[in-house]
Structures are given as C-alpha cells and as structure tokens.
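Each chain is listed here by its residues.
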Amino acid sequence: MTAAGDGPWLDDAAGRLVRPFTVSNGRTRPTVALDLVSQVMATGATPLGYLGPEHAQALERCRVPVAVAEVAAHLTLPVAVTKVLLADLVDCGALTTKPPAFHHNPTDRALLEAVLDGLRRQL
C-alpha cells in the first residue's frame, strides 16, 4: 500500500526541477546594488552573448518600470537569485535601474505594510 504522495510527480506537482542557484551559476551577489524596491526597466538594447531563459523572462517582465521584488515574485525565484539575474542584464545594457522615488518616509510603517500586502497578493 502506498501513501498519497508516494506516486510519481507530474508537471506542476514536481515543483522546480532546477535548483535556484543553478540559474545564477552559483553566484549569490549581484554586481549592481539592488534592493527590493529598486526599479528596473528594459532599455531596448539586445543583450550580447548567451543569457538563460530566466534572463529572458526577467527582461520581458521589465518592459515597464518594475520593482525587484515584483520580478522575483513573477519568476518564482528567491530575491538573491533574481538580483543576480537583473544585475547581469544591467551589466550588458539591457536594463537600467534607479532607486524608487519616495514621496513618503521609506521606513513609514503604513508604506511597508502596503508593500507586504501587495507581495502577498502576488504569491
């Protein structure tokens, strides 16, 4: 007798088949300073050299200005891995980055709670 879940994993039930840090070639530190609310946007330049499928997905997501945290949520990758991917794209000129323009105190509790609520809705 087998327990429910002892059978083979199929499609989405198997989860991610590639370890997240394989996507970034084991790198854990981006070459560009990025934080969760840094804004990134595609420049329209074509990246030179080989970039993986995750790079292409990130670049597609960045057609409009978007926060690093939002890109990570859409890619379903850890933020550390996403930062490395985005830094690769900045390094090759395919993305530009800027700190967010705060009209409020960036440590304002209400603002931080709104960001957390938005992230929860994305996941």
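All values derive from a computational prediction rather than experimental measurement.

*Asks:* I'm lost on the overall build of the protein in this one. Help?
*Replies:* Across its full length, the protein holds five helices and three strands. Each helix and strand of the protein, ordered N terminal to C terminal, gives the series α-β-α-β-α-α-β-α. For the protein, contacts bridging at least 24 residues in sequence account for 72% of all contacts bridging at least 6.

*Asks:* Please explain the pattern of salt bridges as it appears in this structure.
*Replies:* Two side chains that carry opposite charge are able to pair once their charged atoms sit near each other. This model, assessed by the stated rule, comprises three salt bridges. Between Arg109 and Glu113 there is a salt bridge, with its nearest N and O atoms 2.9 Å apart. Taken as a pair, Arg109 and Glu113 lie in helix H5 (residues 109-122) at a separation of four residues, close to a single helical turn. On the accessibility criterion, Arg109 (63% relative accessible area) is exposed. The salt bridge involving Asp117 is made with Arg121; its shortest N-O contact spans 3.1 Å. Taken together, the residues Asp117 and Arg121, both in helix H5 and four residues apart, mark about one turn of the helix. Exposure remark for Arg121: the relative accessible area of 62% places this residue in the exposed category.

*Asks:* Sorry, what's going on with the side chain of Asp88 here?
*Replies:* Counting through the fold element by element, Asp88 comes out in helix H4 (residues 79-91). You can call Asp88 buried: its relative accessible area is 14%.

*Asks:* Before we go on, may I ask you to explain the environment of Leu85 in this structure?
*Replies:* Position of Leu85 relative to the elements: it lies in helix H4. Taking the C-alpha atoms as reference, Leu85 lies 9.2 Å from Leu51; in sequence the two are 34 residues apart.

*Asks:* I'm lost on the nonpolar core in this one. Help?
*Replies:* Inside soluble globular proteins, nonpolar side chains tend to come together where they are buried. Formed by 18 residues in total, the largest nonpolar core has its most connected members in Val40, Cys62, Val71, Leu86 and Leu95. Counting residues per element, the ones that place at least two in this core are helix H3 (68-75) and H4. In terms of residue count, H4 provides more of this core than any other element does, six residues in total.

Calculation notes
- Residues numbered from 1 in each chain as written.
- Predicted model: local features only at pLDDT ≥ 70, side-chain atom pairs only at ≥ 80, totals over all residues.
- Heavy atoms only, no water.
- Helix = DSSP H or I, 4+ residues; strand = E, 2+ residues; numbered from the N terminus.
- Contact = heavy atoms within 4.5 Å.
- Salt bridge = Lys/Arg side-chain N within 4 Å of Asp/Glu carboxyl O.
- Buried < 20%, exposed > 50% of the residue type's maximum accessible area, 1.4 Å probe, protein only.
- Core = buried A, V, L, I, M, F, W, Y, C linked by side-chain atoms within 4.5 Å.

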